[in-house]
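Spelled out, the chains give:
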Amino acid sequence: QGRGGNTFETASARSAFGPGAYALVRFVETATVADITRFLGMHDATIVDGPRPRGPGGMYRLRLSEVPMAKAELDQAVRELSSTSGLVNFAAPAE
């Protein structure tokens, strides 16, 4: 606690997006905005960051849930992202 009665917390990358369960996703080059919109609706997901131009380009951070998921549950959700639509060429759990 500061001298004036103020409190502070250190910011972290995780808190920048709030609580929840997240995945990093790269869509296939042929995916249209309409395709991605449908995909997000099917998975009740929200884009919270991206696309990321550095490294493997085109990466998006998706919020899959507003509450954290158990590791096994998140891993299953990420597998479903990759296998259900043909629109995703990379997906991985993210913090």
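Every value quoted in this text rests on a predicted model; they were computed, and no experiment measured them.

Caption draft 1: Structural view of helix H3 (residues 71-83). With 13 residues, H3 extends 18 Å between its outermost C-alpha atoms, agreeing within 8% with the 18 Å of an ideal straight helix rising 1.5 Å per residue. Buried residues of H3: Leu 74, Ala 77, Val 78 and Leu 81, and no others. The arc that holds every buried residue of H3, seen down its axis, measures 100 degrees, which confines them to one face. Opposite the buried face of H3, by more than 90 degrees, sit the exposed residues Ala 72 and Ser 83. Of the surrounding secondary structure, the elements contacted by the buried residues of H3 are strand S1 (21-27), helix H2 (33-42), strand S3 (59-65) and strand S4 (88-94).

Caption draft 2: Quick peek at the sheet that holds strand S2 (residues 46-52). Here four strands make up an open sheet; going across it, the order is S2-S3-S1-S4 and the pairing antiparallel. Of all strands in the sheet, those with a lone pairing partner are S2 and S4, marking the two edges. Neighbouring strand axes in the sheet, compared pairwise and without regard to direction, differ in orientation by 25 degrees on average. Bridge count between S2 and S3: four bridges; the pairing is antiparallel.

The rules behind these values
- Residues numbered from 1 in each chain as written.
- Predicted model: local features only at pLDDT ≥ 70, side-chain atom pairs only at ≥ 80, totals over all residues.
- Heavy atoms only, no water.
- Helix = DSSP H or I, 4+ residues; strand = E, 2+ residues; numbered from the N terminus.
- Expected span 1.5 Å × (residues − 1).
- Buried < 20%, exposed > 50% of the residue type's maximum accessible area, 1.4 Å probe, protein only.
- Arc of directions from axis to C-beta.
- Contact = heavy atoms within 4.5 Å.
- Pairing = 2+ DSSP bridges.
- Axes fitted to C-alpha atoms, helices over the stretch in contact; angles between N-to-C directions.

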